[in-house]
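Structural description and commentary
Take a look at the letters that make up each chain.
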Amino acid sequence: MKRHLTILIALAAAACGAESGPDEAGYGSLRIDCRADARIETAASRAAALPDGSEFALRITGDGFDRSWERMTDFAAEDPLLKEGRYTATVSYGDPDAEGYDLPCFRGSTDVTVVARRTATASVTARLTNVPAVVRATPQFLAYYHDIRFALTTEAGNEFLHALDAEGYEEREVYVRADGTLTVAGTARRQSQTGTDAGIEVRFDAVTRTAELGKRHIFLFDAPETGGATLTIRIGDDYTETVEFDCELNEEAR
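This text gives an overview of the structure that appears in the document. (Residues numbered from 1 in each chain as written. Predicted model: local features only at pLDDT ≥ 70, side-chain atom pairs only at ≥ 80, totals over all residues. Heavy atoms only, no water.)

**What to know about the overall build of the protein**
When its secondary structure is counted, the protein shows two helices and 20 strands. Within the protein, buried positions represent 40% of all 254 residues. Partitioning the contacts of the protein with sequence separation of at least 6, the portion at a separation of at least 24 is 63%. As presented, the protein carries roughly 13,400 Å² of accessible surface, and 45% of it is formed by carbon and sulfur atoms. (Helix = DSSP H or I, 4+ residues; strand = E, 2+ residues; numbered from the N terminus. Buried < 20%, exposed > 50% of the residue type's maximum accessible area, 1.4 Å probe, protein only. Contact = heavy atoms within 4.5 Å. Areas by Shrake-Rupley, 256 points an atom, 1.4 Å probe, with all protein chains shown as cover.)

Now the structure itself:
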């Protein structure tokens, strides 16, 4: 259930055929090829649009050296010279503290040695550093309930509303911080028994789980029996849990 990008970084020394001036002796240059691996190793997942390699930010650190570029293209355009030595190249995409729809965050780093008049090649795997989550409902649930409103709330206090039966509703993944809590709760109305009212409102008690890094979280509501409801929680490929609701009628909403 891992999502990742593979970033290939080619680090090339200054051209061997050129004469080095006194200020360039012992220096090499870096040329970076950044490509995205679109494979998604996860079950029950749709393919997400992965960022292009040029959209990644780059930071290079070494002995007495610490430089950052907002985009790979900025680094390539500058083509700076680096003194021979050991460096760490770090690529990143997205804000690790942000939570919201369609906000994946990737990060990866590798060590590399720059040698004058030599070509070094390094590869970086930029893995997802936040957690994707989605709230769904089965056709049976949608047939039995309406005005369905579920909220996904994170430990940071951010709340994301999922109006599952609303016109024009589009399923979108929420990306949240890893290792915090995820809480799902909400309400829905049963189909009217008389045809003259909106139906009785049902409140679904809060269910809380931990957002596990490297795993996709699916919260699936179902109504396998008339008058009942369940929540199936899938975390990664190896964890599935079903919660049965003793549906609480919201008397004030009748």
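We are not done yet, so read on.
**As for unusual backbone geometry**
The phi angle at Asp 102 is positive, at roughly 55 degrees, despite the residue not being glycine. Its place among the elements puts Asp 102 in the loop between β8 (100-101) and β9 (106-114). A positive phi angle, near 50 degrees, is found at Asp 147, a position not held by glycine. Given the relative accessible area of 35%, Asp 147 is considered partly exposed.

**Observations concerning the pattern of salt bridges**
One pass over the structure, following the stated rule, counts nine salt bridges. Between Arg 172 and Asp 102 there is a salt bridge, and its shortest N-O distance comes to 3.0 Å. Taken as a pair, Arg 172 in the loop between β13 (159-162) and β14 (174-176) and Asp 102 in the loop between β8 and β9 lie far apart in primary sequence, 70 residues in all. Among the residues examined, Asp 102 registers a relative accessible area of 40% and is labelled partly exposed. Residue Arg 216 is joined to Glu 173 by a salt bridge in which the shortest nitrogen-to-oxygen separation is 2.2 Å. Of this pair, Arg 216 sits in the loop between β16 (201-210) and β17 (217-222) while Glu 173 sits in the loop between β13 and β14, and the two are 43 residues apart along the sequence. Overall, the relative accessible area of 1% leaves Arg 216 in the buried class. Among the ionic contacts, a cluster of salt bridges with common partners joins Glu 212, Lys 215 and Asp 238. (Salt bridge = Lys/Arg side-chain N within 4 Å of Asp/Glu carboxyl O.)

**Points about the packing of aromatic side chains**
By the definition in use, this model includes 16 aromatic pairs. Pairing Tyr 144 with Tyr 145 gives two aromatic rings, centres 5.0 Å apart and planes at 80 degrees, and the pair type is edge-to-face. Here Phe 204 and Phe 221 contribute two aromatic rings whose centre-to-centre distance is 6.0 Å and whose plane-to-plane angle is 65 degrees, an arrangement assigned as edge-to-face. Separated by 17 residues along the polypeptide, Phe 204 in strand β16 and Phe 221 in strand β17 bring together distant segments of the chain. No difference in accessibility class separates Phe 204 from Phe 221, as the two residues are buried. Among the aromatic residues, ring-to-ring pairing joins Phe 141, Tyr 144, Tyr 145, Phe 150, Phe 204, Phe 221 and Phe 245 into one connected group. (Phe/Tyr/Trp six-rings, centres within 6.5 Å; stacked < 30°, edge-to-face > 60°.)

**Section: the sheet that holds β17**
In spatial order, the strands read β8-β14-β11-β17-β18-β19; together these six strands make up an open sheet with mixed pairing. On the outer flanks of this sheet lie β8 and β19 (240-245), each paired with one strand and no other. As paired strands, strand β11 (residues 131-137) and β14 are joined by three bridges and run antiparallel to one another. Note that in β14 the partner of Val 131 across the bridge is Val 176. (Pairing = 2+ DSSP bridges.)

**Structural notes on the side chain of His 162**
In this fold, His 162 is placed in strand β13. A distance of 3.1 Å separates polar atoms of two side chains, one belonging to His 162 and the other to Tyr 169. Excluding anything up to four places from it in sequence, His 162 contacts Tyr 101, Val 135, Ile 148, Arg 149, Phe 150, Leu 152, Tyr 169, Arg 172 and Val 174. (Polar contact = N/O pair within 3.5 Å; in protein donor to acceptor, adjacent residues only side chain to side chain.)

**As for the nonpolar core**
Proteins that are soluble and globular tend to have nonpolar side chains buried together. The biggest cluster of nonpolar side chains holds 28 residues, and the ones touching the most others in it are Phe 141, Tyr 145, Phe 150, Phe 204, Phe 219, Phe 221 and Leu 231. Breaking this core down by element, the ones donating at least two residues are β11, β12 (145-154), β14, β15 (181-190), β16, β17, β18 (229-235) and β19. Counting 20 residues, the second-largest nonpolar core is a separate cluster that includes Phe 56, Phe 65, Val 114 and Ala 122. (Core = buried A, V, L, I, M, F, W, Y, C linked by side-chain atoms within 4.5 Å.)

**Overview of the side chain of Thr 138**
By secondary structure assignment, the location of Thr 138 is in the loop between β11 and α2 (139-144). Note on Thr 138: relative accessible area 11%, which makes it buried. Not counting chain neighbours up to four residues away, the residues in contact with Thr 138 comprise Leu 220, Phe 221, Asp 222 and Ala 223.

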